[in-house]
Amino acid sequence: MDKLLKGIMKYRSTVKDTMVQQFVKVKDNPTPKAVFFTCIDSRMLPTRFTQTNVGDMFIIRNAGNLVPHSQRFRDEQDTNEPAALELGCVMNDIRHIIVCGHSDCKAINLLYKLRDPEFASKENRRLSPLRSWLCTHAQSSIDTFNELEKHNYDKPLLFQGETPLRKFAAYIDPEKKFSIEDRLSQINTLQQLQNIASYGFLKKRLERNQLHIHALWFDIYTGEIYYFSRGAKRFVIIDESNFEKLTEEVVLYYS
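Residues numbered from 1 in each chain as written. Predicted model: local features only at pLDDT ≥ 70, side-chain atom pairs only at ≥ 80, totals over all residues. Heavy atoms only, no water.

You'll find the protein chain entered in an unreviewed UniProt entry as Carbonic anhydrase, with Dendroctonus ponderosae given as the organism. Turning to the protein chain, the UniProt record has this under Catalytic activity (unreviewed entry): "hydrogencarbonate + H(+) = CO2 + H2O". Looking at the protein chain in UniProt, the text filed under Sequence similarities (unreviewed entry) is "Belongs to the beta-class carbonic anhydrase family." (UniProt positions renumbered as here; feature names shortened; annotations may be inferred.)

Asker: Please set out the side chain of Q186 residue by residue, giving values where relevant.
Answerer: Looking at the element boundaries, Q186 is found in helix α9 (residues 180–196). According to the relative accessible area criterion, Q186 is buried, its value standing at 2%. If we skip the residues at most four places from it in the chain, Q186 touches I172, D173, F178, W217 and F235. (Helix = DSSP H or I, 4+ residues; strand = E, 2+ residues; numbered from the N terminus. Buried < 20%, exposed > 50% of the residue type's maximum accessible area, 1.4 Å probe, protein only. Contact = heavy atoms within 4.5 Å.)

Asker: Could you give me a rundown of the packing of helix α5 (residues 106–113) against α9, with the residues and numbers involved?
Answerer: Between α5 and α9, whose axes approach to 9 Å, the crossing angle comes to 105°. With respect to each other, α5 and α9 are oriented roughly perpendicular. Judged by residue contacts, I108, N109, L111 and Y112 of α5 engage I180, E181, L184, S185 and N188 from α9. Partitioned by chemical class, the residues of the contact of α5 with α9 number five nonpolar, three polar and one charged. (Axes fitted to C-alpha atoms, helices over the stretch in contact; angles between N-to-C directions. Parallel < 35°, antiparallel > 145°, perpendicular 65-115°, else oblique. Nonpolar A, V, L, I, M, F, W, Y, C, P; charged D, E, K, R; others polar.)

Right under this line is the structure:
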């Protein structure tokens, strides 16, 4: 709390006035551009590494950057993530949904261990809300990872995009430079796109190409950010050499 209070005092003396001006500017005409799902990990600072500002994004955070599939609920409107999707994409007409995973994700590291049936037993899940959350809503990521592992990480995986007919292939870490858990993290990030598309209240907008879903992945220890390119069928680093090509792809796929 001491650090937090000192931080607030620094904010008051440095950026408060500028931020208040920005709040006033967007008060009557907010134009957020994206709904951004990411992890609660304290190292994930999305407004910093995307250089976004007041009014730019709705940000939803949870352990493992999960968006539960609609079939996991008797009523798809009874939990936070779909409520955020409705608030952002229906009530505020936001047209881009982004899911951002990251390296060394503690939730995903635990998810990898939960492949052990004993570790993932009902008794252990009963004692651990985190294990229960992951076992309930990230099993599809584990199933997809197991498919990749069977083929020595070389086989492309197939994911659903905005509609059941709009599928895309994905090679996960073809250079094999990331850890096994990080490969699972990338799979988990892509799996959430399919989960997002499962919600009925988004169906028409997705079918009419009025709503688009994207995947980012942040490598914490290098500071590099990757965009999943459907053209390249893999996560591609966003840098000076790829920027124009990725921009062209976004226009091609999502205009």
